[in-house]
Amino acid sequence: ARTPPSTYTGPKVHPSDARGLDRSELGMFLFTAEHYDRDRAALAVLLGLNGLRVSVACATNIEDLGVARGHRTLRIGGKGNKPATVPLVPRTARTIDLAVGERHEGPILRRRDGRRLDRRTAHRWVRSIGKRARLGRVHPHMLRAAFIMAALDAGVPLRGVQIARHADPRTTTIDDRRRQNFDRHAAYVVVAFVAGG
């Protein structure tokens, strides 16, 4: 016999939690974030188009923005505090520029009170964007997972999804620091893949 809904005490299962965001859903999330406000939009592109962990995105600073080999870049602290430099696709760079405005130092992502965005607030922002986009419950790791899946679906070799930067290379890829080819970075493939969805 089926358990009546009123007596069920298990956790609610939302479809998006089980399957993650597909290409069109990631596109809708990013579109909604860009029409929400500048700070939420900047968080969304760092998570969804660069695949950053939420803690790494919150820790980014204006001073870490730069240019290398014709690419806008961002210096980040990866897993295990291993530094890395990642390219920013034009869409991400523009969105970050709007969030930063005329500021020259300090955190890229700020809360409404001007302080650095923290993980808890970032989770709330992502949930609110997901709700407005009618995607159900969305959390930051789903955007990172969507980035990785979009890269793989678009044909980026597993080894090429370098931004995942897992401590165990078998989890995602082997990080090849000797050859930083920004032109072939997964972020460029993902932004084109999402735009074509």
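See the structure shown above.
Here the structure is a predicted model, which means the values were calculated and not measured.

Chemist: Explain the overall build of the protein chain to me, please; I cannot follow it from the model alone.
Modeler: Along the backbone of the protein chain there are eight helices and three strands. Its helices and strands taken in sequence order, the protein chain reads α-α-α-α-β-β-β-α-α-α-α from the N to the C terminus. Residue burial in the protein chain is summarised as follows: out of 197 residues, 45% are buried. In the protein chain, of all internal contacts separated by at least 6 residues, the share reaching a separation of at least 24 is 63%. As displayed, the protein chain offers around 11100 Å² of accessible surface, 52% of which is attributable to carbon and sulfur atoms.

Chemist: Would you mind showing me how to read a positive patch on the surface here?
Modeler: There is a patch of like positive charges on the surface, built from R120, R124, R127 and R137. By secondary structure assignment, the location of R127 is in helix α6 (residues 119-132).

Chemist: What is the right way to read the sheet that holds strand β1 (residues 65-68) from this model?
Modeler: In a beta sheet, neighbouring strands pair by backbone hydrogen bonds and run either parallel or antiparallel. Taken in spatial order, the three strands of this open sheet run β1-β2-β3, and their pairing is antiparallel. Here the strands that pair on one side only, and so sit at the sheet edges, are β1 and β3 (83-87). Across the sheet, the mean angle from the axis of one strand to that of its neighbour is 40 degrees, orientation sign disregarded. Pairing geometry for strand β2 (residues 71-77) and β3, over five bridges, is antiparallel. Its bridge partner lying in β3, G77 is registered against P83.

Chemist: Just to check I follow, could you spell out the environment of V89 for this structure?
Modeler: When you line up the elements, V89 lands in the loop between β3 and α5 (90-100). The buried category is assigned to V89, whose relative accessible area is 1%. Taking the C-alpha atoms as reference points, V89 and R72, 17 residues apart in sequence, are found 7.4 Å from one another.

Chemist: Could you clarify how one ought to interpret the pairing of β1 in this entry?
Modeler: On a regular strand, each side chain points to the face opposite its neighbour's, so the side chains alternate between the two faces of the sheet. Pairing of β1 with β2 involves four bridges; the strand directions are antiparallel. If you follow L65 over to β2, its bridge partner there is L74. Counted along the chain from β1 to the antiparallel partner β2, the turn is two residues long, and its residue R69 has a positive phi close to 50 degrees.

Thresholds applied
- Residues numbered from 1 in each chain as written.
- Predicted model: local features only at pLDDT ≥ 70, side-chain atom pairs only at ≥ 80, totals over all residues.
- Heavy atoms only, no water.
- Helix = DSSP H or I, 4+ residues; strand = E, 2+ residues; numbered from the N terminus.
- Buried < 20%, exposed > 50% of the residue type's maximum accessible area, 1.4 Å probe, protein only.
- Contact = heavy atoms within 4.5 Å.
- Areas by Shrake-Rupley, 256 points an atom, 1.4 Å probe, with all protein chains shown as cover.
- Patch = residues over 30% accessible without salt bridge, like charges linked within 9 Å, V, L, I, M, F, W, Y side chains within 5 Å.
- Salt bridge = Lys/Arg side-chain N within 4 Å of Asp/Glu carboxyl O.
- Lys, Arg positive; Asp, Glu negative; His and termini not counted.
- Charge placed at Lys NZ, Arg CZ, Asp CG, Glu CD.
- Pairing = 2+ DSSP bridges.
- Axes fitted to C-alpha atoms, helices over the stretch in contact; angles between N-to-C directions.

Structural measurements only, silent on function.
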